Amino acid sequence: MGDTLEFSDIYQEVKGSWSDGRLRFSKQNVIYKSSKTGKVDNIPAGDLNQAQWRRVCLGHGIKLGTGTGHVYKYDGFRDTDFEKISEFFKANYSVELMEKDMSVKGWNWGTAKFSGPLLSFDVNDNTAFEIPLSNVSQCATGKNEVTLEFHQTDDTEVSLMEVRFYVPPSQSDERQDPVEAFAQSVLSKADVIQATGDAVCIFKELQCLTPRGRYDIRIYPTFLHLHGKTFDYKIPYTTVLRLFLLPHKDQRQMFFVISLDPPIKQGQTRYHFLILLFSKEEDINLTLNMSEEDVERRFEGKLSKNMSGSLYEMVSRVMKALVNRKITVPGNFQGHSGAQCITCSYKASSGLLYPLERGFIYVHKPPVHLRFEEISCVNFARGTTTTRSFDFEIETKQGNQYTFSSIEREEYGKLFDFVNAKKLNIKNRGFKEVNGMKGKIDEYSDSDDDQHDAYLERMKAEGKIREEGNDSDDSGGESDESFNPGEEEDDIAEEYDSNASASDSSEEGEDSEDDSAKKKKAKKVKVVKEKKERKPRKERKKKDAGAPKRPMSAYMMWLNASRERIKSENPGISITEISKKAGEMWRQLGKDDKEEWEVKAGEAKKDYDKAKKEYKESGGGGGATSTSVSKKESKKSGGKKEEEKKRKSAGGDKERERGSDSFKSKEFIETSEESSSDSDRKSKSKSKSKSKSKSKSKRKKESEEEEEEAMTTPASSEEESD
C-alpha cells in the first residue's frame, strides 16, 4: 500500500448545501480541498481519535473525530473503498474504522444527544439524523418546545428553515428546566452572534466601497460589526475566506479586501467581498480593550496592547490575528507604468485587475476573484472600439466567462509573459489565429523588450490578409493614396475655377494615374504569396458488409454486463456519467476480476481471426474491390469515347458553318476595293434582298399550284399528243 490515498468527487455539507472536492489521506495528515471555494481542511494525524464508516444518501461516508472536539464528515465513497481505507487507518493512524448503522425506521420519537458540535437524534441507539450546531442561527424556547432556526444559503433550491423538538417535562430533577437546559446546550455551540461585552477595538468612519458608505468597524472576539447610518452588518470570522492587501495604481491609497462565504445580505443584494479604501498618509494610535496578559495569551505575540502606525496596517494586522488567515498581496508582476495592477473595464465600469501568484482579483465593481486552478483558458482578443486597446478573457471550468476590456496596448507584453509563466492555457479566437498565430506567440513569449508589441504585430498580419482580399476590388478605381492633400495645391485647378484648362487637368490625371499604378505594383509585390498545390485526396476503402465484425475489448464486455447494475446503484445518472463511473470502477477492479473478462476477450479474438480466415478463403473481400475497380475503369473509358464523339460532331458543325458562309451568289459578291462602310450598307441590303427573293419565290409556287388545280389535263398529256 502506498503512502497516500486520494479520492475525487468527495462531498462535504456546508450550511445545507453540498460542495465537492478532493480528499487525501497521508501518513502525516488528512487534507480536504473544496473545489468551489478552495478552502482547505488540514487534520493532523495525531489528532484523530475516532473514525466511522456509514451508509449515507451519497453512497458511503466517513465521520472523523479529533481530540479537540471537532467533527468532520465526508461523503461520496464507494462500498469497495472500505477495505483499503480501513487498512490504511490501522497502519498509519492507529485508529480502527468502525461500521455504524443508521436508523431508517422514520420514527420521530427518540433521544437527543449532544456530542461536541453535533446534535444527534437517536432511535434505539442508532442515529436517525445529525444537526451541526454551527448551522443554527437562532434558538427559541416555548412551553415544552425548543425551535432551532438555520442559516440560509443561496446555493440550494430548497432550504431547511427550522426544526422543533418537543421536550417532555422531567419528574426526577425539578431544579433545572429541561427546555432551558436543551436550549443552553444548543446555544453553547451554535453560530449565534450575540454582541455581549465590549469590543476589542473600534475603527471609526472608515470608507467602504462595498457595501458603499462610511462605517464604524467594531472588532469583537468572534465577529466583525459594521455600523453605518442606515445599515448594520455582523460578519462572523468563520465566514471569512481570504484577506487581500492591494496597493492602488496612484501609489497613495490601499485596498483591504475581505472575501466572505456565505456573503452578507441586504435585501436581494449579496456582498461576497468587503472592500475598504485607505489613504497611506492616515496614521492611528490603537489601544486594545484587553489586559496585556490577555493579549499575550490570546494572540501569542501577534498583537500588543498599544500599537501605532498607518491605519491600513493596523486594520490588516488586527484582522489577520483574529481571523487567523494569511494576507495575500500582489506578486512579482509589474505593468508598463510600473504599477502592480492593470487598468481595465468589467461590465461597463472601470477598475483595476491584479495578477496574483495564484489567481486574479478585480477591484472593485463588481469584485471578482479567480483562482488559477478554476481557470480553463484565457484569451487575448482585439478591442471592439479601437486598436489601441485589447480585451483579456478568462473562461472557467464551470463554463463562466469574464471579459476585462479596454486594456492599454502597452500592457500586452507584460500580461502575456505573466500568463505564459503561470502555464495557463491560452486560447486564440481571432481571424486565422489557429494556424498562423501560435508560432508568433511562442516566438515572442520570452521577450523582455518593452518596446516590442506582439499584439500590434498580430494586427499588422491581419491587415495584410485583408489587403490581399481587397486588391481585386481596388484594381478598377483609384487608390486612396493617389490623392495627397497639401502637395502641389497651386498647380491643381479647382472644379469651379474659370481659368481651369482641360490640358492641365488631363496631364495631372495622367501623372496621378502613373503614380497610383506604381504604388499598386509595389503593393502587389509585398502581398503576393505562393499558392501551395493541394495534394490529391486518398480514396477511403469501402467497408465490406459481409465481413465478420471485430471483437470487443475486455473493458467493453465488462461495461455491457455492468451497465444495468451501475444504473440501478445510481438512479438518474446520465450517459456521460455512466462512462466516467465505469472507467473508475474498471481501474479499481482487481487482477482476478479483470482476468475473467480478458479471457473472454481473447476467446472472442480467436473466433474473429478464424471467421476472417474462412471468409477470405471463400473469396470474400476481394471480389467487391475488383468489381468496383472494373466499373470505375469502364466508366472512365466510356467517358473518353463520349468526349471524342462530341469533339468530332463539334468539328463537323464548324466546317458546315464555314462552308455556308463561303458560298455567295453573283448578285452579292463584294470587291476588295470597297470600304468598310459600303460593305456594311451592302450587308444590310443583302438581308433585305434575300427576304424579298424568298417572298417572290413563295408567291410563284402558290400561283403555279393554283393553275395546276384549275387545269383539267396535266401538261405531260398535252406534250404526248403533240
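Residues numbered from 1 in each chain as written. Predicted model: local features only at pLDDT ≥ 70, side-chain atom pairs only at ≥ 80, totals over all residues. Heavy atoms only, no water.

### Considering the overall build of the chain
Now for step 1: Along its length, the chain carries 14 helices and 31 strands.
Now for step 2: Across the 722 residues in the chain, those meeting the buried criterion constitute 33%.
Now for step 3: By sequence separation, contacts in the chain at least 24 residues apart represent 48% of the contacts at least 6 residues apart.
Now for step 4: Of the accessible surface of the chain, which amounts to about 48,900 Å², a share of 47% is contributed by carbon and sulfur atoms. (Helix = DSSP H or I, 4+ residues; strand = E, 2+ residues; numbered from the N terminus. Buried < 20%, exposed > 50% of the residue type's maximum accessible area, 1.4 Å probe, protein only. Contact = heavy atoms within 4.5 Å. Areas by Shrake-Rupley, 256 points an atom, 1.4 Å probe, with all protein chains shown as cover.)

### A look at the pattern of salt bridges
Now for step 1: Applying the stated criterion across every chain yields a total of 17 salt bridges.
Now for step 2: The partner of glutamate 373 in a salt bridge is lysine 33, and the shortest N-O contact between them spans 2.8 Å. Here glutamate 373 is found in the loop between strand 28 (368–371) and strand 29 (375–382), whereas its partner lysine 33 is found in strand 3 (residues 29–34), with 340 residues between them in sequence.
Now for step 3: Judged by its relative accessible area of 39%, glutamate 373 falls in the partly exposed class.
Now for step 4: Judged by its relative accessible area of 33%, lysine 33 falls in the partly exposed class.
Now for step 5: For the salt bridge of lysine 84 with aspartate 81, the shortest nitrogen-to-oxygen distance reads 3.8 Å. Of this pair, lysine 84 and aspartate 81 both sit in helix 1 (residues 81–92), three residues apart, which is roughly one turn of that helix.
Now for step 6: Relative accessible area serves as the criterion here: at 30%, lysine 84 is assigned to the partly exposed category. (Salt bridge = Lys/Arg side-chain N within 4 Å of Asp/Glu carboxyl O.)

### Examining helix 5 (residues 412–421)
Residues spaced three or four apart along an α-helix face the same direction, because each turn holds 3.6 residues.
Now for step 1: Among the residues of helix 5, Tyr412, Leu415, Phe416, Phe418 and Val419 are the ones counted as buried. In a view along the axis of helix 5, the buried residues occupy a sector of 160°, so they form one face of it. (Arc of directions from axis to C-beta.)

### Structural notes on the sheet that holds strand 11 (residues 126–132)
Now for step 1: Ordered in space as 9-10-11, the three strands form an open sheet in which the pairing is antiparallel. Among the strands making up the open sheet, the edge pair consists of strand 9 (111–115) and strand 11. Each neighbouring strand pair of the sheet contributes to a mean axis angle of 25°, computed without reference to strand direction.
Now for step 2: Across five bridges, strand 9 lies against strand 10 (residues 118–123) in antiparallel orientation. Bridge pairing in strand 10 places lysine 113 opposite serine 120. (Pairing = 2+ DSSP bridges. Axes fitted to C-alpha atoms, helices over the stretch in contact; angles between N-to-C directions.)

### Considerations on the side chain of serine 310
Now for step 1: Checked against the element boundaries, serine 310 lands in strand 23 (residues 306–310).
Now for step 2: If near-sequence neighbours (up to four positions away) are discounted, serine 310 is found in contact with Lys280, Glu282, Asp283 and Ile284.

### Side note on the pairing of strand 14 (residues 162–166)
Now for step 1: The alternating pattern of strand 14 places Val163 and Phe165 on a buried face, while none of Glu162, Arg164 and Tyr166, on the opposite face, is buried.
Now for step 2: Pairing geometry for strand 13 (residues 145–150) and strand 14, over five bridges, is antiparallel. Within strand 14, the position partnered with glutamate 149 by the bridge is glutamate 162.

### Re the packing of helix 9 (residues 554–569) against helix 10 (residues 575–588)
Now for step 1: Running from N to C, helix 9 and helix 10 cross one another at 115°; their axes reach a closest spacing of 10 Å. Seen along the crossing, helix 9 lies across helix 10 with a hand that is right-handed. Across from Ala554, Tyr555, Trp558, Leu559, Arg563, Arg565, Ile566 and Lys567 in helix 9, the residues of helix 10 making contact are Ile578, Ser579, Lys581, Ala582, Gly583, Met585 and Trp586.
Now for step 2: For the contact of helix 9 with helix 10, the per-class residue count stands at nine nonpolar, two polar and four charged. (Left-handed = near helix turned anticlockwise from the far one by under 90°. Nonpolar A, V, L, I, M, F, W, Y, C, P; charged D, E, K, R; others polar.)

### Examining the packing of aromatic side chains
Now for step 1: With the rule as written, the count across this model stands at 34 aromatic pairs.
Now for step 2: When the centroid spacing of 5.9 Å and the interplanar angle of 50° are considered together, the rings of tryptophan 53 and phenylalanine 77 count as tilted. Separated by 24 residues along the polypeptide, tryptophan 53 in strand 5 (residues 48–56) and phenylalanine 77 in strand 7 (residues 71–77) bring together distant segments of the chain. Like phenylalanine 77, tryptophan 53 is buried.
Now for step 3: Aromatic side chains phenylalanine 165 and phenylalanine 182 sit 5.4 Å apart centroid to centroid with 45° between the ring planes, which places their arrangement in the tilted category. With phenylalanine 165 in strand 14 and phenylalanine 182 in helix 2 (residues 178–189), this residue pair connects regions lying 17 residues apart in the sequence. Comparing phenylalanine 165 with phenylalanine 182, the two get one shared label, buried.
Now for step 4: Aromatic ring contacts, followed pair by pair, group Phe333, Phe360, Phe372, Phe380, Phe390, Phe392, Tyr412, Phe416 and Phe418 into a single cluster.
Now for step 5: The ring of tryptophan 107 has lysine 105 lying over it, and the distance from NZ or CZ to the ring centre is 4.6 Å.
Now for step 6: The side chain of lysine 600 reaches across the aromatic face of tryptophan 597, ending 4.3 Å from its centre. (Phe/Tyr/Trp six-rings, centres within 6.5 Å; stacked < 30°, edge-to-face > 60°. Lys NZ or Arg CZ within 6 Å of the ring centre and 35° of its normal.)

### Structural notes on the packing of helix 9 against helix 11 (residues 591–617)
Now for step 1: Relative to each other, helix 9 and helix 11 sit at 115°, their axes nearing to 8 Å. The angle between helix 9 and helix 11 places the two elements in the roughly perpendicular class. Classified by chirality, the crossing of helix 11 by helix 9 is right-handed. On helix 11, the residues touching Ala554, Met557, Trp558 and Ala561 of helix 9 are Trp597, Glu598, Lys600, Ala601 and Ala604.
Now for step 2: When its residues are assigned to classes, the contact of helix 9 with helix 11 shows seven nonpolar, no polar and two charged. (Parallel < 35°, antiparallel > 145°, perpendicular 65-115°, else oblique.)

### Considerations on a negative patch on the surface
Now for step 1: The grouping of Asp79, Glu83, Glu87, Glu99 and Asp101 at the surface amounts to a negative patch.
Now for step 2: With respect to the helices and strands, glutamate 87 occurs in helix 1.
Now for step 3: The partly exposed category is assigned to glutamate 87, whose relative accessible area is 48%. (Patch = residues over 30% accessible without salt bridge, like charges linked within 9 Å, V, L, I, M, F, W, Y side chains within 5 Å. Lys, Arg positive; Asp, Glu negative; His and termini not counted. Charge placed at Lys NZ, Arg CZ, Asp CG, Glu CD.)

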